[in-house]
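Next come the chains, spelled out residue by residue.
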Amino acid sequence: MAFMNSSSPHQRQRRTTSQIMVMVILCLIPGVFLQSYFFGIGNLLQITLASVVALGSEALILKLRKRPVLRSLKDGSALLTGLLIAVSIPPLSPWWIVVIGTAFAVIFVKQLYGGLGQNLFNPAMAAYVVLLISFPVQMTSWIPVQSLHPFSLTFMDQLSAFLSGFTLDGYTVAQLSVSIDGLTMATPLDTARNALHSGFTITEMLNSAEFKASSAQAIQWVNVGFLFGGLILLYKRIIQWYIPAAFLAGLVSFSFIAFAYNPDLNISPLFHIFSGATMLGAFFILTDPVTAATTVKGRIFYGLLVALIVVIIRNIGGYPDAVAFAVLLGNMCVPLIDYYTQPKVYGGRA
Amino acid sequence: MNQQVEEIESQQTAEAEQGIYKELMYQGLWKNNPGIVQLLGLCPLLAVSNTLTNALGLGLATLFVLTASNSLISLIRNHVPKTIRIPVFVMIIASLVSCIQLLMNAFIYELYLSLGIFIPLIVTNCIIIGRAEAFASKNTVKHAAFDGLMMGLGFSAVLVLLGASREILAQGTLFDGIETLLGDWAQFLTVTLYHTDTSFLLAALPPGAFIIMGLIIALKNSIDQKAEK
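### Quick word on the overall build of chain B
A count of helical and extended segments in chain B gives 10 helices and two strands. Overall size of chain B, expressed as C-alpha extent along the three principal axes, is 80 × 45 × 35 Å. Per-residue burial over chain B gives 39% buried out of 229 residues. Nonlocal contacts in chain B, meaning residues at least 24 apart in sequence, comprise 75% of its contacts between residues at least 6 apart. Total accessible area computed for chain B in this model is approximately 12300 Å², and 66% of it derives from carbon and sulfur atoms. Between the averaged position of the 12 positive side-chain charges in chain B and that of its 16 negative side-chain charges there is a distance of 11 Å.

### Considering the packing of aromatic side chains
What the rule picks out here adds up to nine aromatic pairs over all chains. Considering the side-chain rings of Phe104(A) and Phe108(A), the 5.1 Å spacing of their centres and the 15° angle between planes classify their relative orientation as stacked. Remark: Phe108(A) and Phe104(A) occur in helix H5 (residues 95-110); sequence separation between them is four residues, near one turn of the helix. Site record: aromatic cluster; members linked through ring pairs are Trp96(A), Phe135(A) and Phe200(B).

### Looking at the layout of surface pockets
Residues and elements named next belong to chain A. Here the largest pocket is characterised by a volume of approximately 820 Å³. Surrounding the largest pocket, 36 residues form its lining, Ile238, Ile239, Thr287, Asp288 and Pro289 being those nearest its centre. Contributions of two or more residues to the lining of the largest pocket are made by helix H1 (17-39), helix H4 (77-88), helix H6 (123-134), helix H13 (216-235), helix H14 (242-261) and helix H16 (278-285). Split by residue class, the lining of the largest pocket holds 22 nonpolar, nine polar and five charged.

### Focus: the packing of helix H2 (residues 42-64) of chain A against H4(A)
Residues and elements named next belong to chain A. Direction vectors running N to C along H2 and H4 enclose 145°, while the axes themselves pass 8 Å from each other. Considering how the two elements wind past one another, H2 and H4 form a crossing that is right-handed. In this structure, H2 contributes Asn43, Gln46, Ile47, Ala50, Ser51, Ala54, Leu55 and Glu58 to the contact, and H4 contributes Ser77, Ala78, Leu79, Gly82, Leu83, Ala86 and Val87. Split by residue class, the contact of H2 with H4 holds nine nonpolar, five polar and one charged.

### Concerning the interface of chain A and chain B
If you look at the interface, chain A gives 10 residues, while chain B gives eight residues. Here chain A meets chain B over a buried area of about 720 Å², counting both sides, of which 80% is carbon and sulfur. It is Phe108(A), Ile133(A) and Ser134(A) that lose the most area in chain A upon contact with chain B, and together they represent 49% of the buried surface on that side. Counting across the chain A and chain B interface gives zero salt bridges. At the boundary of chain A with chain B, the tally comes to one residue pair in polar contact (both at pLDDT 80 or more).

### Side note on the environment of Arg15(A)
Residues and elements named next belong to chain A. Mapped onto the secondary structure, Arg15 falls in the segment before H1. The spatial distance from the C-alpha of Arg15 to the C-alpha of Ile238 is 9.2 Å, given a sequence separation of 223 residues. With near-sequence residues (within four places) excluded, Arg15 lies in contact with Ile20, Lys236, Arg237 and Ile238. Within polar-contact distance, the side chain of Arg15 engages the backbone oxygen of Lys236 at 2.8 Å.

### Observations regarding a nonpolar patch on the surface
Taken together, the side chains of Val22(A), Leu26(A), Ile29(A), Phe33(A) and Tyr37(A) define a hydrophobic patch exposed on the protein surface, amounting to about 550 Å² of accessible area. If you trace the backbone, Val22(A) turns up in helix H1.

### Structural notes on the confidence of the model for chain B
One rule of thumb: low pLDDT means the predicted coordinates there are not for detailed reading. Looking at chain B as a whole, the pLDDT averages 87, with 96% of positions reaching at least 70. Predicted complex, confidence summary: ipTM 0.78, pTM 0.84.

### Here's the deal with unusual backbone geometry
The phi torsion at Arg237(A) lies on the positive side, around 60°, for a residue other than glycine. Structurally, Arg237(A) can be placed in the loop between H13 and H14. Of note in this structure, Phe175(B) is not a glycine but carries a positive phi near 60°. Secondary-structure assignment places Phe175(B) in the loop between strand S1 (173-174) and helix H8 (179-182). For Phe175(B), a relative accessible area of 22% corresponds to the partly exposed category.

### Some details on the state of the cysteines
What the rule picks out here adds up to zero disulfides over all chains. With no disulfide of its own, Cys43(B) lies closest to Cys126(B) among cysteine sulfurs, the gap being 9.3 Å.

### Thoughts on the pattern of salt bridges
Under the definition given, this model contains four salt bridges over all chains. The salt bridge involving Lys110(A) is made with Glu58(A); its shortest N-O contact spans 3.1 Å. Here Lys110(A) is found in helix H5, whereas its partner Glu58(A) is found in helix H2, with 52 residues between them in sequence. Each member of the pair Lys110(A) and Glu58(A) is classed as buried. The salt bridge involving Arg85(B) is made with Glu133(B); its shortest N-O contact spans 2.7 Å. Of this pair, Arg85(B) sits in helix H4 (residues 85-107) while Glu133(B) sits in helix H6 (residues 126-134), placing them 48 residues apart in sequence.

What counts and how
Residues numbered from 1 in each chain as written. Chains lettered and ligands numbered in written order. Predicted model: local features only at pLDDT ≥ 70, side-chain atom pairs only at ≥ 80, totals over all residues. Heavy atoms only, no water. Helix = DSSP H or I, 4+ residues; strand = E, 2+ residues; numbered from the N terminus. Buried < 20%, exposed > 50% of the residue type's maximum accessible area, 1.4 Å probe, protein only. Contact = heavy atoms within 4.5 Å. Areas by Shrake-Rupley, 256 points an atom, 1.4 Å probe, with all protein chains shown as cover. Lys, Arg positive; Asp, Glu negative; His and termini not counted. Charge placed at Lys NZ, Arg CZ, Asp CG, Glu CD. Phe/Tyr/Trp six-rings, centres within 6.5 Å; stacked < 30°, edge-to-face > 60°. 1 Å grid on protein atoms, 1.4 Å probe; cavity = no way out; pocket = protein on both sides within 12 Å on 5 of 7 lines; lining within 4 Å. Points joined across faces, edges and corners; volume = space filled by probe spheres on them. Nonpolar A, V, L, I, M, F, W, Y, C, P; charged D, E, K, R; others polar. Axes fitted to C-alpha atoms, helices over the stretch in contact; angles between N-to-C directions. Left-handed = near helix turned anticlockwise from the far one by under 90°. Buried area = accessible area lost by both parts, 1.4 Å probe. Salt bridge = Lys/Arg side-chain N within 4 Å of Asp/Glu carboxyl O. Polar contact = N/O pair within 3.5 Å; in protein donor to acceptor, adjacent residues only side chain to side chain. Patch = residues over 30% accessible without salt bridge, like charges linked within 9 Å, V, L, I, M, F, W, Y side chains within 5 Å. pLDDT = per-residue confidence, 0-100. Disulfide = S-S within 2.5 Å.

What follows is the structure in structure tokens.
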């Protein structure tokens, strides 16, 4: 009889991929709930369609590749990808946006690289970037928060805008994103960038009618929602703290450097942390076990690197939000980071 | 007796000749296609294939340069010392490309403008120097010219396929702007497949070129695999 002689921990909990994915999806709920509360039911329509398309294209390509279809569908990874895409696109964008994005993510970014665990890039973020550079108008038409809305949008209005691009009264989504005062209601990061480009300072921007009409508060709340879900993930040990902590710390310190250098031309660290996709990125996207760095030191580098790129793109780049681009650039560096951060084997030479 | 032997020999060589041409054609168009098998000249291939007209223009220019350079290099192959052959080849290719560039500048000015830097860049296209070095410098003029023609056709075919699929995806048209290449009579060739306010910009941008190129290569490989079975 052989005596198994392994080191601690002796008591562990094994989790299957599908259990992890389900936990991640459940932890998205607070953020998604707040998003739907502020931006309307269109958000849920996007999520439904994205899930259907994600599962459908996964099944299709698995069949083409002659792999077991049901087993891979059950692990929930395609569902999660679809969900992340649906959350990151504007709630009232037309249905084909989410269809193209999700199909691209699952077929090209995930399955053509070899399926779950083989992809170099985060599928949801790659799809987001594809959509953003292909359809910039639709991808930046965030409608204003419901309570600030000049028109009241019923469920049927949103459904109709989602399917045809027009509400029942015949308004386009572009018209909807203009308030009573005729001000375009962009996301706060958008507003900040436009203000800086047209020569205003940050202080002026913060006091402007445009900024007050933007969805700043709502997006802050959505970020809080994702932060809450992320903390549950941490508590449940689905993700480890290295990447989110390094990312958020990096974001604060890098943006603080810029802010301290010139507070009138750079947005503050607090603004950085609670706008755009910061919290969603920190806890749900950067921590993707497939595309993130795997060593402890590597994870910290990875988080810091992505934070640096986010700050650079947000502060001086041309695109409103930077998390997707930064994540893809970070993904590219992962093999290099992993190579140089291999931990020393106990007893081995340094 | 002697005459008979000669006749048989000439028959055999005629058959062998045909076999060589067939082989060259197969190599250039399919098995050793410069675009999708050797993956040479990717820079112009991906950069100017955003519309079918651009792709066709560059394909024809490359085809011409490749055939002419192969024949010229094959003509002088016995007179060039081995040590300086590469500079000589490059000089010949460069003068041919200058001819093409001046001709395009004179006769199809708009296409010349839209292809831009990629016309002079034909000089650096690896297919041309590659065929010169690997084939033309070792074979007779006839074979070298035919090889150049076939390799050029293979490259143009890939360019045209890529250009057509990108143009359809991005603009929903085919042969848009063909009159800049063929003259005003050709305008009827422009086909509009569908109208859209929101074009799929990705297909017109470089990443789209890479993705579609990958799909074309995959298609070719899967056809080969099916044929093997």
